[in-house]
Amino acid sequence: MLQLKYNINYLECGTDEAGRGCLAGPVTAAAVILKDSFKHKLLNDSKQLTEKDRTSLKSLIEKEAVCFGVSHVMMDEIDKINILNASILGMHRSIEQLEPVPEHIAVDGNRFKPYKNIPYACLVKGDARFLNIAAASVLAKTYRDAFMVKIHEEYPMYNWKQNKGYPTREHRNAIRKYGVTKYHRTSFKLLPEQFALKF
């Protein structure tokens, strides 16, 4: 069973992102403040849950949370400021939507930048340790997946509804065949470089 939050003495939000390693689509972040009474056996790191469980947990979190925020950082911004900065920017934008304002921020991972002088803790694998970060990971993942399913209709040949923009063999083969779209991150290495060995 995951702990509710990292710092029990403060009104704390958990924050996480989804889609950092993708070749296409936004990086999506979420921030969540849960009630102190919140408990759920199933809630965990979104990567460990089925799509069906994530969908039902999304509704529950949105209904039960004190507040939540979700933010997409689009491809052009990712290309300008790099994926790490874009991930942190997404978290900041999500936290900005919270009312009441958190007194402490629990961040999944090991990198963050200060937000409005609110104290924070970076927690490696935090989404598998704390319910508020797990809740943020579920919202980030479900909102991003919905975005990828939507843009799949525009460019079905990349099969984004299935691969969600991750660098699968199928996705890379589609890039080779059809080229890049406005949804691809041009700053990323979209195809592995081919080295010809000369003897």
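Let me begin by describing the structure that accompanies this report. (Residues numbered from 1 in each chain as written. Predicted model: local features only at pLDDT ≥ 70, side-chain atom pairs only at ≥ 80, totals over all residues. Heavy atoms only, no water.)

Side note on the overall build of the protein chain
- In terms of regular secondary structure, the protein chain is built from six helices and five strands.
- Each helix and strand of the protein chain, ordered N terminal to C terminal, gives the series β-β-α-β-α-α-β-β-α-α-α.
- Over its C-alpha atoms the protein chain spans a radius of gyration of 18 Å, differing by no more than 12% from the 16 Å that the globule rule assigns to 199 residues.
- When its C-alpha atoms are laid out on the principal axes, the protein chain stretches across 65 × 35 × 30 Å.
- By residue count, 50% of the 199 residues in the protein chain fall in the buried class.
- Expressed as a percentage of contacts within the protein chain between residues at least 6 apart in sequence, the contacts between residues at least 24 apart total 65%.
- Accessible area of the protein chain: about 10,600 Å², with a carbon and sulfur share of 52%.
- Each charge class in the protein chain can be summarised by its mean position, and for the 30 positive and 22 negative side chains these summaries are 6 Å apart. (Helix = DSSP H or I, 4+ residues; strand = E, 2+ residues; numbered from the N terminus. Rg over C-alpha atoms; globule rule 2.2 N^0.38 Å. Buried < 20%, exposed > 50% of the residue type's maximum accessible area, 1.4 Å probe, protein only. Contact = heavy atoms within 4.5 Å. Areas by Shrake-Rupley, 256 points an atom, 1.4 Å probe, with all protein chains shown as cover. Lys, Arg positive; Asp, Glu negative; His and termini not counted. Charge placed at Lys NZ, Arg CZ, Asp CG, Glu CD.)

Looking at the pattern of salt bridges
- One pass over the structure, following the stated rule, counts nine salt bridges.
- Across the pair Glu64 and Lys35 runs a salt bridge whose closest N-O atoms are separated by 3.8 Å. In this pair, Glu64 is assigned in helix α1 (residues 51–64) and Lys35 in the loop between β2 (27–33) and α1, connecting sequence segments 29 residues apart.
- For Lys35, a relative accessible area of 37% translates into the label partly exposed.
- Within the structure, one salt-bridge network assembled from shared partners comprises Asp45, Lys47 and Asp127. (Salt bridge = Lys/Arg side-chain N within 4 Å of Asp/Glu carboxyl O.)

Concerning unusual backbone geometry
- Residue Pro100 follows Glu99 across a cis peptide bond; omega there is 10 degrees.
- Assignment of secondary structure puts Pro100 in the loop between α3 (83–96) and β4 (104–108).
- The residue Lys116 is not glycine, and still its phi comes out positive at about 45 degrees.
- With respect to the helices and strands, the residue Lys116 is situated in the loop between β4 and β5 (120–123).
- For Lys116, a relative accessible area of 61% translates into the label exposed.
- The backbone of Lys164 shows a phi angle near 55 degrees, a positive value even though the residue is not glycine.
- Looking at the element boundaries, Lys164 is found in the loop between α5 (160–163) and α6 (169–178).

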